[in-house]
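Report on the structure
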Amino acid sequence: MNGISFLTEITPNHYLVLSAVLFSIGLAGVLLRRNLIVLFMSIELMLNAVNISFVTFSKVHGRVDGQVMVFFVMTIAAAEAAVGLALAVSIFKRFKEVNIRFFEHLKG
Amino acid sequence: MNTQILIAILLLSPVVGFLLNGFRFRSTNYVSAGAIATGAVFISFICSVLLFVELVGLPAESRTIAVNYFQWIGVGKFTINAGFVVDQISSIMILIITGVGSLIHLFSIGYMHHDKGVTKYFAYLNLFIFNMLILVLGDSLLTMFVGWEGVGLCSYLLIGFWFSDSAKAAAGMKAFITNRVGDAAFIIGMFILFTTFGTLNIHDLNALAPTVADASWMGAVTLGTLMLFIGATGKSAQIPLYVWLPDAMAGPTPVSALIHAATMVTAGVYMIVRLNPIFIMAPNTMMVIASIGAATAVMAATIGLTQFDIKKVLAYSTVSQLGYMFLAVGVGAFGAGMFHLMTHAFFKALMFLGSGSVIHGMHEEQDIRKMGGLKKYMPITHFTFLIGWLAIIGMPPFAGFFSKDEILWQAYSSPRGHVLLWVAGALGAALTAFYMTRLMALTFWGESRVDKHVHPHESGSLMTIPLIVLAILSVIGGWVGIPHVIGETLGHIPNVWEHWLEPLIAKLPEAAHEGHSVAEEWALMGVSVSLASISALTAAVMYLKKGSDSPQKIATSLGPVYRAVYNKYYVDEFYFGTIINPLVKVSRQIWYYVDVNIIDKATYKISDLVKGAGSFVRTLQTGNMQQYALYIVIGVVITLSLVMMR
């Protein structure tokens, strides 16, 4: 792959790189940020980065099952967000803050 | 009634009594506890009588009632049934056990009424009766062994009944452990007999015994019977394992009467009589049995001369009389052994209960030096004890005369007897007469040496009635086995006893010695009776003459000999020095070096290792969720790089 075509032509690689970059940003967010809301946003970012990969490969291989998978991921993500936000709300109610370290209180 | 049911009731009635009393062991109501226990044994006694009547009704050659409830063990060729046999021998035993047992239970109500553990006491007594019945009725050696162990347990429980006194608890332990030594030999004996004959059923063993002579190596039979005899020396207190019986007097006195005089200690004799066809096949074993019996009879009697505890004297007397029984079975006079077993059960139970009555009336005083002149305070006890005394020293026509005389005659005249055995037996009889007269003189006769603040009193009727019944039995009990010479003279009185046991007693293979005349038997009888009379008279003079100090003089003049006898020949010290202490020492070393230093250390090391590893792994679990996420990421990265690098 030469430099010119990379700039002029959009190939599946571009999508995969984008996916990887987004995933890394999300991962960094999950590992480093302490705010629960931001953490959820980072997780969403990771999930959607994966979704991009799914769609890309679906396009490349000309099959739909990758895209079907994306729908599943979105559903799960929605459910997970609902649960997570509920937790966030209860944490906030208790401690007036949504810092992740409060989950340490759940340790047995 | 169906014999199967009858035997079941016979066996289970004491169990029911045991359970009823056992579940309410905290109760101190001695009336209900005693009534339950005595009733339970009395029901067994009625069953025994019914079975006996049934047995008498059967024709002489098939006098056996055998029942089989279920198969207990079945492994290949080895089958043991929960089977019980009532025959000529065991019917006598169950009559003694339940009959004398009922009387002693009755006596116990009076004797133990002040005790807090009275319910527990009666529960143990009932359990003992049950086990004793299993012992005598079991149709195989293993069933017998179950009862054998069971009576050992009850003996232990009852010797250590007042366990808060550590000396008494130790006496219980001593009895148990000494018996364990014998029991180990008994088990080995069973192994040997099983490998030789392929069965443990007593009837089969007895039937096979005569055929073994030409079929297999006789050494096995000798060894097996010898092992069984060692088991008997433990249970029946013979040299070398007799040491536990005198200490067993720590238990309540009725227990001494029931277990350590009348029933349990005779189990060894019973076992040998039961297996007499096998023992007959082993003349060497029989010789050992006779010698040990004679030696025990004399040695225990000499110790009895010097003791001052009323129960200790009786205990050594029991050891000595058991020696007579072994002497009898050792010379092949199994019937005479059983006969002495029965008469001894009567008069020794009587004397133990009498001593219990004395101890009770003297407020727990057992030292005969502090008694004397009790005759006027306790007339009934004195009179019954007097009968027991006449019986044990072998005065005709009391029970002991017939059985002891039969044994002495057999020791002399039997093909396996020897004149030395007779000498030992006669000497033992003389010694017995001496120490028993000494006991009578110091306890009941002469001047009172009772403490001023002790007021001896006669016991209540609960205690005197059993004494009276046993006294009657001690008089007439011997009349079932009147020897031929006397029977002939008095006009054809048959020897019922010999006739009754005949079908179960094997004949000695050796031909009887020729030339034992009737005159000889009379002569020997006269010698032993006059020996006993002379020594009894001597004792009476020595201990009753006012201001007589001849016993002390003799004791001082004998010096070291007297001290050795008084200290029971230092046998206990010898055992401690040569066996127990070295064993304890070695065990302690093994405990320290092997257990503490190797086994314990190894387990501690392993647990430290696990603990250390655990505390390291625990640091990974912080509860910080983001750290967990990081672990996942690291894991994924490592896995992916491994996958990609391939």
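Presented here is a report on the structure given in the accompanying data block. (Residues numbered from 1 in each chain as written. Chains lettered and ligands numbered in written order. Predicted model: local features only at pLDDT ≥ 70, side-chain atom pairs only at ≥ 80, totals over all residues.)

1. Examining the overall build of chain A
Regarding its fold elements, chain A presents 4 helices and 0 strands. Over its C-alpha atoms chain A spans a radius of gyration of 18 Å, topping by over 25% the 13 Å that the globule rule assigns to 108 residues. Here the C-alpha coordinates of chain A stretch approximately 55 × 30 × 20 Å along the principal axes. Counting over 108 residues, chain A shows a buried share of 11%. Here the contacts in chain A between residues at least 6 apart in sequence split such that 46% fall between residues at least 24 apart. (Helix = DSSP H or I, 4+ residues; strand = E, 2+ residues; numbered from the N terminus. Rg over C-alpha atoms; globule rule 2.2 N^0.38 Å. Buried ≥ 20, exposed ≤ 12 C-beta atoms within 10 Å, placed from the backbone. Contact = placed C-beta atoms within 7 Å.)

2. Overview of the packing of helix α11 (residues 267-274) of chain B against helix α14 (residues 310-330) of chain B
All names here are of chain B. Between α11 and α14, whose axes approach to 10 Å, the crossing angle comes to 10°. With respect to α14, the element α11 is oriented roughly parallel. Residues Val-269, Ile-272 and Val-273 of α11 form the contact with α14, whose own contacting residues are Met-325, Phe-326 and Val-329. Classifying every residue of the contact of α11 with α14 by side-chain character gives 6 nonpolar, no polar and no charged. (Axes fitted to C-alpha atoms, helices over the stretch in contact; angles between N-to-C directions. Parallel < 35°, antiparallel > 145°, perpendicular 65-115°, else oblique. Nonpolar A, V, L, I, M, F, W, Y, C, P; charged D, E, K, R; others polar.)

3. Here we look at helix α15 (residues 334-361) of chain B
All names here are of chain B. Between its first and last C-alpha, α15 extends 40 Å over 28 residues, near the 40 Å set by a 1.5 Å rise per residue. Maximal helix bending in α15 amounts to about 25°, located at His-344. Counting buried positions along α15 gives 27 out of 28 residues, so the element sits mostly inside the fold. His-363 occupies a position one or two residues after α15 and carries a positive phi of about 60°. (Expected span 1.5 Å × (residues − 1). Bend = angle between axes of the 7 residues up to and from the residue.)

4. Comments concerning helix α4 (residues 118-137) of chain B
In this model α4 of chain B runs 29 Å from its N-terminal to its C-terminal C-alpha over 20 residues, within 8% of the 28 Å that 1.5 Å per residue would give. Most of α4 of chain B sits inside the fold, with 20 of its 20 residues counted as buried.

5. What to know about the environment of Val-221 of chain B
As for its position among the elements, Val-221 of chain B is in helix α8 (residues 218-235). Each residue touching Val-221 of chain B, except ones within four places of it in the same chain, is listed here: Thr-196, Val-212, Ile-278, Met-281 and Ala-282 of chain B.

6. A closer look at the nonpolar core
Ranked by internal contacts, the top residues of the largest apolar core, which has 195 residues, are Leu-133, Leu-327 and Ala-349 of chain B. At 16 residues, the largest contribution of residues to this core is made by α4 of chain B. (Core = buried A, V, L, I, M, F, W, Y, C linked by C-beta atoms within 7 Å.)

7. Observations regarding the interface of chain A and chain B
Where interface size is given, it is often the accessible area lost as the parts come together that is meant. Between chain A and chain B, the contact holds 7 residues from the first and 7 residues from the second. Partitioning the side of chain A that touches chain B into residue classes produces 5 nonpolar, no polar and 2 charged.

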